[in-house]
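Below, each chain spelled out in residue letters.
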Protein chains: 2
Amino acid sequence: MRETLMAAARLTVQAHGYNALSFRELAQEVGIKSASVHHHFPTKGALAAALARRYTEDGVAYLSDLLARSSNPTWCMDRYVEIFRSALTNDNRMCLCGIMSAELDDLPPEVRSEIDAFTATNVEWIAKVLEFSKSKTSAQERLDRAIAIFSAIEGAQLVARGGQDISIFDRSVQAYRRAGLIP
Amino acid sequence: MRETLMAAARLTVQAHGYNALSFRELAQEVGIKSASVHHHFPTKGALAAALARRYTEDGVAYLSDLLARSSNPTWCMDRYVEIFRSALTNDNRMCLCGIMSAELDDLPPEVRSEIDAFTATNVEWIAKVLEFSKSKTSAQERLDRAIAIFSAIEGAQLVARGGQDISIFDRSVQAYRRAGLIP
DNA sequence: ACCTGAACACCGTTCAAGT
DNA sequence: ACCTGAACACCGTTCAAGT
């Protein structure tokens, strides 16, 4: 039941955000009453924090696997970009942590710290990919560029979603590449 | 009263988003009852659409003035970036249309079209700035790069807000510049 | 024209009560 | 352990009623 609730809630948050997540609707989806949801997750914040933690764990597992398979930065970044693109093709959804970043002021502290953890793991992974490139760069330069790449991809997803036009995402990423921001 | 309501509502939406905007709180802020707000704006969607339209109009006026004053692309983009940065320094707020893009599925159609209009005017302005640069590029190339710049800046704002750390914004923009994405 | 109280169906949360 | 109905203070919206 806990897993069923998380699966349904994740889809809702990626599509509508934290504020639009309703315990009543969620309960109806999985066939229990809203008061019963609180038995599995004491508050809405606890549920959202659990979602974000799982989201990060799943992401880290997938990304680690990519690193183990290849040390080609372009190939790695292609796979990375594809993760964000597939959220859009899946009913115009967004990165769970991206959409919740926009709602930051409505999030309990435990959710905010999960967002920070998600960002940190993504940036670290991108920085590792940048290490594959030949050019000599300092660790700080790689981290700065990694956070810029992460921000740029999140932004392309946000704007493409706002316009309900995936070509905005594709053209943005292509321009990032052409400028040399993304390997 | 209409202007008072819009001013208060804009600050709330830039800080908390569309879903968190409450007619009851808004009414209390300006000293009337929530039912009375509906006299000025029939629905929450109508209020949000009016906010977005005004936001775009104000933005266009400011950006046109910049173009009239200088044809230096770096100077123009510095001023442009500063607009997004100042939202963050103003109580960690976001671009009105950026935050609402994340809530897209909860927005009535009239708000969505205002978001599209905002994005279009911003992209057109950036494309004009790119024309100032010496390099020979086609109109399509400039538009693609303009949308990438817009997406990248929105993304830097989103991620910096999520981490409540303006240095994320600054480091991202600096990396965009270093890569040659932004003039 | 502008405002209001009351009602409607929603929301997250709490709690005593059931199995 | 897991679920429930009922209550609480919220929400946007509607409407008849006031000035």
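Residues numbered from 1 in each chain as written. Chains lettered and ligands numbered in written order. Predicted model: local features only at pLDDT ≥ 70, side-chain atom pairs only at ≥ 80, totals over all residues. Heavy atoms only, no water.

**Some words on unusual backbone geometry**
Residues and elements named next belong to chain A. Defined as follows: Helix and strand definitions follow DSSP, with helices as H or I runs of at least four residues and strands as E runs of at least two, each counted in order from the N terminus. Partly exposed describes any residue whose relative accessible area lies between the buried limit of under 20% and the exposed limit of over 50%, with all areas from a 1.4 Å probe on protein chains only and scaled to the type maximum.
For Asp-91, which is not a glycine, the phi torsion comes out positive at approximately 60°. Here Asp-91 shows up in the loop between α5 (73-89) and α6 (96-102). For Asp-91, a relative accessible area of 56% translates into the label exposed. Positive phi is not limited to glycine here, since Gln-164 has a value of about 50°. Within the secondary structure layout, Gln-164 lies in the loop between α8 (139-162) and α9 (166-179). Residue classification places Gln-164 among the partly exposed positions, given a relative accessible area of 48%.

**Describing the relation of the copies chain A and chain B**
Put simply, the rule reads: The fit set for superposing copies consists of C-alpha atoms from residues with pLDDT of at least 70 in both; the fit itself is least squares. Only heavy atoms matter for contacts: two residues are in contact if any of them lie within 4.5 Å across the pair.
Screw-axis analysis of chain A against chain B gives a translation of 0.0 Å along the axis, an RMSD of 0.0 Å, and a rotation angle of 180°. Taken together, the rotation and translation describe the operation of a two-fold axis. By C-alpha distance to the rotation axis, the residue of chain A lying nearest is Gly-155 of chain A, at 1.7 Å. An overlap of 100% is found between the interface residues of chain A and their copies at the interface of chain B, pointing to a shared contact surface.

**Here's the deal with the packing of helix α4 (residues 44-69) of chain B against helix α7 (residues 109-131) of chain B**
The geometry of a pair of packed helices is captured by two quantities: the angle between their axes and the separation between those axes. Residue and element names in this part refer to chain B. Applied cut-off: Between N-to-C directions, angles cover 0 to 180 degrees, with each direction set by a line fitted to C-alpha atoms, over the stretch in contact for helices. Note on angle classes: values under 35 degrees are labelled roughly parallel, values over 145 roughly antiparallel, values of 65 to 115 roughly perpendicular, and the remainder oblique. Side-chain classes are defined by residue name, with Ala, Val, Leu, Ile, Met, Phe, Trp, Tyr, Cys and Pro counting as nonpolar, Asp, Glu, Lys and Arg as charged, and the others, Gly among them, as polar.
Orientation of α4 relative to α7, taken along the N-to-C sense of each, is 10°, at an axis distance of 8 Å. With respect to their mutual orientation, α4 and α7 come out roughly parallel. In terms of residue class, the contact of α4 with α7 is made up of 14 nonpolar, 5 polar and 4 charged.

**A word on the UniProt feature "DNA-binding region" (unreviewed entry) in chain A**
What counts, and what does not: UniProt positions are given in the numbering used here, feature names are shortened, and annotations may be inferred rather than shown by experiment.
Here, UniProt's "DNA-binding region" (unreviewed entry) annotation points to residues 22-41 of chain A. Regarding residues 22-41 of chain A, the helix share stands at 75% and the strand share at 0%, and the terminal C-alpha atoms are separated by 13 Å.

**Some words on the nonpolar core**
Threshold: Buried Ala, Val, Leu, Ile, Met, Phe, Trp, Tyr and Cys residues that are joined via side-chain atoms within 4.5 Å together make up what is termed a nonpolar core.
Ranked by size, the top nonpolar core spans 129 residues in total, and within it Met-100 and Trp-125 of chain A together with Met-100 of chain B carry the most contacts. Those residues within four positions of Trp-125 of chain A in sequence are excluded, and the remaining contacts are Leu-63, Ser-64, Leu-66, Leu-67, Cys-76, Met-77 and Tyr-80 of chain A.

**Brief notes about the protein's contact with DNA strand D**
Our working definition: Whether a residue is near a molecule or strand depends on its heavy atoms: it is near if one of them lies within 4 Å of it. Whenever two N or O atoms come within 3.5 Å, that pair is a polar contact, provided that in protein one can donate a hydrogen and the other can accept it, and provided that, for residues adjacent in sequence, both atoms are side-chain atoms.
Around DNA strand D, the structure places 16 residues, and the nearest of them are Lys-33 and His-40 of chain A together with Leu-21, Ser-22 and Arg-24 of chain B. Near-protein atoms of DNA strand D (within 4 Å) split between backbone and bases, with sugar and phosphate holding 56%. Lys-44 of chain B is positioned such that a nitrogen or oxygen atom in its backbone is 2.9 Å from a phosphate oxygen of DNA strand D. Counting residues per element, the ones that place at least two in the surface near DNA strand D are α3 (34-40) of chain A together with α2 (23-30) and α3 (34-40) of chain B. No other element matches α3 of chain A, which puts 4 residues into the surface near DNA strand D. Considering only residue class, the surface near DNA strand D consists of 6 nonpolar, 6 polar and 4 charged.

**Digging into the protein's contact with DNA strand C**
Not every one of the 16 residues close to DNA strand C is listed here, only the nearest: Leu-21, Ser-22 and Arg-24 of chain A together with Lys-33 and His-40 of chain B. Taking all atoms of DNA strand C within 4 Å of the protein, the share assigned to sugar and phosphate is 54%. Here a phosphate oxygen of DNA strand C sits 2.7 Å away from a polar atom, N or O, in the main chain of Lys-33 of chain B. Separating a phosphate oxygen of DNA strand C from a side-chain N or O atom of His-40 of chain B is a distance of 2.6 Å. Only α2 (23-30) and α3 of chain A together with α3 of chain B provide two or more residues apiece to the surface near DNA strand C. Counting residues per element, the surface near DNA strand C draws most heavily on α3 of chain B, which supplies 4 residues. Tallied by class, the residues present in the surface near DNA strand C amount to 6 nonpolar, 6 polar and 4 charged.

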